[in-house]
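Chain by chain, the residues run as shown.
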Amino acid sequence: MRVTFLGTGTSQGVPVIACGCEVCISVDPLDKRLRTSILIEGEQKVVVIDSGPDFRYQMLRAKVQRLDAIVFTHEHKDHVAGLDDIRAFNYKQQGPIDVYADARVQEALKKEFHYIFREFKYPGIPQLNMHTLYGDPFNIGEITFTPIEVMHYKLPILGFRIKDFTYITDAKTVSAAEKEKIRGSKILVVNALQKEEHISHFTFDEAIAFAQDIGAEKTYLTHISHRLGKHAEISEMLPAGIELAYDGLELDI
């Protein structure tokens, strides 16, 4: 099974529009970050976690030829805005895409993409099959997802464990009970927004402390802001076993 990081940036992406900071003007391709998302390719199914505003370009850049399902962590714009672009896969595959989300996220999708859910189906609109997540493990083909609830300030959102790989984005706090679902992971992905304190995201130091508590063999930091710093410079500050993720990074799990 292969995981590809489609995007590793925060809600504004990197570079940020109209910003002239050293990160945003960097010529290092590792400092170019689309909105956070990953692609999971199994033997039977191809799944994306979150379809943000860069979804169309991410699919083109990664040369994705088939998509079976989208799994949503939460309803914020930088994680759902690209849903309309599943239409290309509907057309090519001649069928709907499975969408997995909890009830709250589904309600947000129905408001954001109201035309998809109307009784009258306008020709060419996205086609999807909704599946409700209740917190229990679920399968998409041969891939088993174990939901992990984390807190994005006061908003409960979902991370996911797949085998020995755990993916968490937009976390600020994680309960002891949910940490137990993560322990034993060989690969951990977790958000590290910036060095300064933030109300709804792990800071750089908080992400490192969380990773060290979990004790995975390898941790990758994602959902990174231009405020964190340049990829090359921040990489030198990281403890052994912890690295910055970057767009296009591929892992075999």
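The structure under discussion appears in the preceding block.
Quick caveat, the model's predicted, so the values are computed rather than measured. (Residues numbered from 1 in each chain as written. Predicted model: local features only at pLDDT ≥ 70, side-chain atom pairs only at ≥ 80, totals over all residues. Heavy atoms only, no water.)

Within the chain, the regular secondary structure consists of eight helices and 14 strands. Seen along its three principal axes, the alpha-carbon backbone of the chain occupies a region of about 55 × 40 × 35 Å. Among the 253 residues that make up the chain, the fraction classed as buried is 53%. Per element, the accessible surface of the chain, about 11600 Å² overall, is 51% carbon and sulfur. In the chain, 29 side chains carry a positive charge and 36 a negative one; their mean positions are 4 Å apart. (Helix = DSSP H or I, 4+ residues; strand = E, 2+ residues; numbered from the N terminus. Buried < 20%, exposed > 50% of the residue type's maximum accessible area, 1.4 Å probe, protein only. Areas by Shrake-Rupley, 256 points an atom, 1.4 Å probe, with all protein chains shown as cover. Lys, Arg positive; Asp, Glu negative; His and termini not counted. Charge placed at Lys NZ, Arg CZ, Asp CG, Glu CD.)

Scanning the model with the defined rule gives 17 salt bridges in all. Of the charged contacts, one joins Glu 75 and Arg 104 as a salt bridge, the two residues approaching to 2.8 Å between their closest N and O atoms. Note that Glu 75 is positioned in the loop between strand E4 (69-71) and helix H2 (77-80) and Arg 104 in helix H4 (residues 103-112), a separation of 29 residues in sequence. Of the residues examined, Arg 104 reaches a relative accessible area of 28% and is grouped as partly exposed. Between Arg 87 and Asp 84 there is a salt bridge whose closest N-O contact spans 2.9 Å. What emerges from the salt-bridge pattern is a single network uniting Lys 179, Glu 180, Arg 183 and Asp 213. (Salt bridge = Lys/Arg side-chain N within 4 Å of Asp/Glu carboxyl O.)

Within the span of H4, buried status applies to Val 105, Gln 106 and Leu 109. The buried residues of H4 occupy an angular sector of 100° when the element is viewed end-on, so they sit on one face. Check the buried side of H4 and you find it contacts H2, strand E5 (97-101), helix H5 (114-117) and strand E6 (128-132). Between the side-chain oxygen of the N-cap and the backbone nitrogen of Arg 104 there are 3.3 Å, and the N-cap of H4 in question is Asp 102. (Arc of directions from axis to C-beta. Contact = heavy atoms within 4.5 Å. Polar contact = N/O pair within 3.5 Å; in protein donor to acceptor, adjacent residues only side chain to side chain.)

A few words on the sheet that holds strand E13 (residues 242-244). Pairing is mixed in the open sheet, where seven strands are placed in the order E7-E8-E9-E10-E11-E12-E13. At either end of the open sheet lies a strand with only one pairing partner, and these are strand E7 (138-140) and E13. For this sheet the average axis-to-axis angle between neighbouring strands, irrespective of direction, equals 30°. Relative to strand E12 (residues 218-222), strand E11 (residues 187-191) runs parallel, the two sharing five bridges. Of the residues in E12, the one forming a bridge with Val 190 is Leu 221. Sitting on the sheet, helix H7 (residues 204-214) is in contact with E11, E12 and E13, with an inclination near 155° to E11. (Pairing = 2+ DSSP bridges. Axes fitted to C-alpha atoms, helices over the stretch in contact; angles between N-to-C directions.)

What follows concerns the side chain of Ser 225. Mapped onto the fold, Ser 225 is located in the loop between E12 and helix H8 (231-235). Within the local environment of Ser 225, its side chain forms a polar contact with the backbone nitrogen of Arg 227, the two atoms lying 3.0 Å apart. Non-local contacts of Ser 225, meaning those with residues more than four positions away in its chain, are made with Thr 10, Val 14, Leu 193 and Gln 194.

This part takes up the pairing of E5. Burial runs high along E5: four of the five residues are buried. With three bridges connecting them, E4 and E5 associate as parallel partners. Looking across to E5, one finds that Ile 70 is bridged to Val 99. Sheet analysis places E5 next to E6, joined by five bridges and oriented parallel. Note on E6: the bridge partner recorded for Asp 98 is Asn 129.

This part is about the sheet that holds E4. Pairing is mixed in the open sheet, where seven strands are placed in the order E6-E5-E4-E3-E2-E1-E14. Of all strands in the sheet, those with a lone pairing partner are E6 and strand E14 (250-252), marking the two edges. Each neighbouring strand pair of the sheet contributes to a mean axis angle of 20°, computed without reference to strand direction. Docked against the sheet, H4 engages E5 and E6, running at close to 150° with respect to E6.

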